[in-house]
Amino acid sequence: MSLKTLCKIYLRTALLSLCLLSTFHTSFAQKKRKHVVTETEIPLLVNKVETYTFTVDKNNFQLKKGFDFSAIENTLPDIEKKIKAFKTKFEVQGGKMNLRSLNSAVILLKEQADNLSAYKALLTEYNEQLTKSNIEVKKILVDPDLNVIIPDSVLNEQLGDLLSEGRSLDTLQRRMLSKVNLLRNRLSVNLLQLNDLSSDMNYLSISKKINMFSREESPLFSARASQYQQSFVEVIANGFQRSAKIIGIYLAGKMHIVTLSLLIFILTTTWLLSNRRRIKKQEDAKNVFEQINFLKRSFLIGSLMALFTYAPLLFGNPTMSLLHALEAIRLACICMLIWPFLNKGSGILWIGLVCLWVFYAIDDILLDAAFGERWGLFLAGLLLMVICIKMIRSNHAFFIKIEESPATKALLIFTLAQVTLSVLFNLTGRLTLAKIFGVSAIQCLMLGISLKVFCTMVLEAIYLQTEAYHDSRFSDFINYKELQHRFQRNLWIIASIIWTIGFIRNLTLYDVLVKVSSSFFYTQRSIGSYQFTFASIAIFFCIIWMSSLISSFISFFFGHEKATAGGKRNSLNSMMLLVRLAIWTIGFLIAVAAAGIPIDRLSIMLGALGVGIGFGLQNIVNNLVSGVILAFERPIQIGDQIEIGNKSGTVKEIGVRSSKIHNAEGADIIVPNGDLLSQHLINWTMQDRSKRVEFMIGVPYDTDLDWAKNLIAEKLKLNENILQTPAPVIIVQDFGEYAISIRILFWVADLGVAGSMRSTAMIDTKKVLSEAGVQLQIRPLS
């Protein structure tokens, strides 16, 4: 290429650059050029400045007060340290960890993972809020309406302050977003490490469960002390040290549950002490306290024993180290409560069981095997077998003044079977199975005893409550014997469920139970196009059952027995029908919503129900609607004396579909609610319980009637059960063929005594007339 050509290219390039530079300068000048605000535009600009100022101030306040990272920043280093320690320990000692150790480690890792997930969710929420806020601020900064010239100096100053604060806020928000994202990334890394470590431990735990039926150690009689690296004492010391750390780590994230447990303990203790103080003021306090056993020993120890019975349930799935620590305190409380009620022989057996529990609890927290541990398990198993056999074969009661549980023999046989398996597995070198079944045997036995004592104390506390307030109006509705029967049945059902869960946990199958239950209940199933889970069905029936339970308890506490027996009218019981109907309705609606049943399916169900009503349920629906009308209108109430048709008696119960009438012969008459509204109903006690009584007498024609009437009236005045307002009425009714008929009418306060008062008045009338020489007659004397 020639020099001339190069010069032409260079000149063209230079000219093009100059044109571009000129264009850029022109556009930049136009961009920097500001619009001068006119008088008509000032009001609009003022409104916009005020709005933007409020938005900036609001976001600025939210930035300073609404985003607190201190808890995360202070906790995260400790969590990272724990993760590192878990990882190092697993890499060094993972192969030596037994099932209990792995289970405890997985529980602790899950606790930390839950904390990190909660922190991550919080940071995600912060990120969304900051992003939204920053968009609002950037919108203000790029608004072209603010890039103007304002003649008003005050408004111009406000606009400058707004833009300055907006730029500062934008800078702070971007810094805060960077900090949030860094923390989120840091949490994500730690959460990933936790999940990986937890998965490795779960895999190792599954592997050990699969291989635990294989022989792990030499048979017991072939084992030698030289085969084990540490002595039994060293293993125990390491186990205690490690358990203390595990308990500390676990409880650090469960302080809310600890606080709740202590709060329940304080409320329970206060309630018991309050009842005791009220009972002590009564004359029969000694007889009342003679009816209880455990709480009479000590209300405080009883509350502590209850605390360490229900506290493990609040934690859900605690580590075995914490569980054994709580059980140790509970066992100490039980020893102080039941010791005076043990027979002489039973006391020795109880001491043996306590010592065995302590040994198995210590053995359960050990990480490494030891020669002394093998022989300790063998001797402890033999001793537990001997105690179980002796208790099974014994024909004497184990306790004094305490009723024996019918499940005692079955529990002892089950314990004997488990400890026998433990001994056999230990003899054959299967140490993991030997420890699992040995611990499960003693744990199940002691848990059963603990639940028995706990249920008994609950019944004793209910008894004290009824005795402390037996003079109150509310206690009139409480039948303690029936209440005790209902509570005892429900308590044993709950205790059986708790015992079963404890047994599964002892066998290290709790996680399997949770996974199987979760898979069974939460797997999506379908019938046609309708999708459902068993969990939704269970929730539906559970809420319906709870509604039924609440309704039955209301019916029980505000029942009809007292009102019927006392002959008193009770309007409160009549209103319970409306309350029960409301509970059923609300419970059904909540159950439908909680179960996720689509509204269209519900409408189809109601339509089908309407068809059923049209074909064959008219009478049932009529009675149901009549029950609601009876509850609102209240023509009758519990305790009323009524007559309907040829039936009469006292209203005993007003139900949803039918009502009960208790007649004089002692029978209960079931009357459909529709009949109570459609037939003529006589209510003797709608206003009050007074009733008019009358009878007739005949006197001879030669009797002075005024004198006879005065005699009868004076005699009736002497009877305190006969009302004087209205006063008795004595009427000359008729002149008969052989005698003059006199009709006597008077009122009694309670119709329940009307019959006896009529008889008494007739006897008094005959007596007073006979003493005056007037003989009652209907026909002439022969």
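Just so we're clear, the structure is a prediction, and the values are computed from it rather than from any experiment.

Caption draft 1: A look at the packing of aromatic side chains. On inspection of all chains with the given rule, the structure shows 16 aromatic pairs. Ring geometry for F414 against F503: centres 5.1 Å apart, planes inclined by 70 degrees, an arrangement best described as edge-to-face. Of this pair, F414 sits in helix α14 (residues 408-427) while F503 is found in helix α16 (residues 480-506), placing the two residues 89 residues apart along the sequence. Here the aromatic rings of F520 and F521 are separated by 5.1 Å at their centres, their planes lie at 85 degrees, and the arrangement is edge-to-face. On the basis of relative accessibility, which here comes to 43%, the residue F520 falls in the partly exposed class. Each member of the aromatic cluster is reached from another via a ring pair, and the members are F221, W375 and F378. Note that R505 overlies the ring of Y510, its terminal NZ or CZ placed 5.0 Å from the centroid.

Caption draft 2: Highlighting the pairing of strand β6 (residues 647-654). In this structure, strand β5 (residues 641-644) lies alongside β6, joined through four bridges in antiparallel fashion. From the neighbouring strand, Q641 faces β6, where its bridge partner is T650. Hairpin geometry of β5 and β6 is characterised by an intervening segment of two residues between the two adjacent antiparallel strands and by a positive phi of about 65 degrees at G645. Here β6 pairs with strand β7 (residues 658-662) via four bridges, running antiparallel.

Caption draft 3: Quick peek at the sheet that holds strand β12 (residues 740-748). Across the sheet, which stays open at both edges, the three strands sit in the order β10-β12-β11 with antiparallel pairing between neighbours. Both edges of this open sheet fall to β10 (691-699) and β11 (729-735), since each of them pairs with a single strand only. Recorded for the sheet is a direction-independent mean angle of 25 degrees between the axes of neighbouring strands. Here β10 pairs with β12 via nine bridges, running antiparallel. Across the sheet, V699 pairs through a bridge with I740, a residue of β12. On the sheet, helix α24 (residues 705-717) packs against β10, β11 and β12 and is oriented at approximately 145 degrees with respect to β11. Where helix α25 (residues 754-771) meets the sheet, it contacts β10 and β12, and its direction lies at approximately 30 degrees from that of β10.

Caption draft 4: Spotlight on the nonpolar core. Counting 133 residues, the largest nonpolar core has W350, L353, L384 and L464 as its most contacted members. Looking at this core element by element, the count peaks at 23 residues for helix α15 (residues 431-468). With residues near it in sequence (within four places) discarded, W350 still touches L331, I334, C335, I338, W339, L342, M446 and I449.

Caption draft 5: Region of the structure containing α24. Under the 1.5 Å per step criterion, the end-to-end length of α24 is 18 Å for 13 residues, consistent within 8% with the ideal 18 Å. Listing the buried residues of α24 in full gives L705, A708, I712 and L716. One face of α24 carries all of its buried residues, which in axial projection span an arc of 70 degrees. Pointing more than 90 degrees away from the buried face of α24 are the exposed residues D706 and N710. Two or three places before D706, at the opening of α24, D704 has a side-chain oxygen 3.4 Å from that residue's backbone nitrogen.

What counts, and where the lines are drawn
- Residues numbered from 1 in each chain as written.
- Predicted model: local features only at pLDDT ≥ 70, side-chain atom pairs only at ≥ 80, totals over all residues.
- Heavy atoms only, no water.
- Phe/Tyr/Trp six-rings, centres within 6.5 Å; stacked < 30°, edge-to-face > 60°.
- Helix = DSSP H or I, 4+ residues; strand = E, 2+ residues; numbered from the N terminus.
- Buried < 20%, exposed > 50% of the residue type's maximum accessible area, 1.4 Å probe, protein only.
- Lys NZ or Arg CZ within 6 Å of the ring centre and 35° of its normal.
- Pairing = 2+ DSSP bridges.
- Axes fitted to C-alpha atoms, helices over the stretch in contact; angles between N-to-C directions.
- Contact = heavy atoms within 4.5 Å.
- Core = buried A, V, L, I, M, F, W, Y, C linked by side-chain atoms within 4.5 Å.
- Expected span 1.5 Å × (residues − 1).
- Arc of directions from axis to C-beta.
- Polar contact = N/O pair within 3.5 Å; in protein donor to acceptor, adjacent residues only side chain to side chain.

Read these as geometric descriptors, not functional statements.
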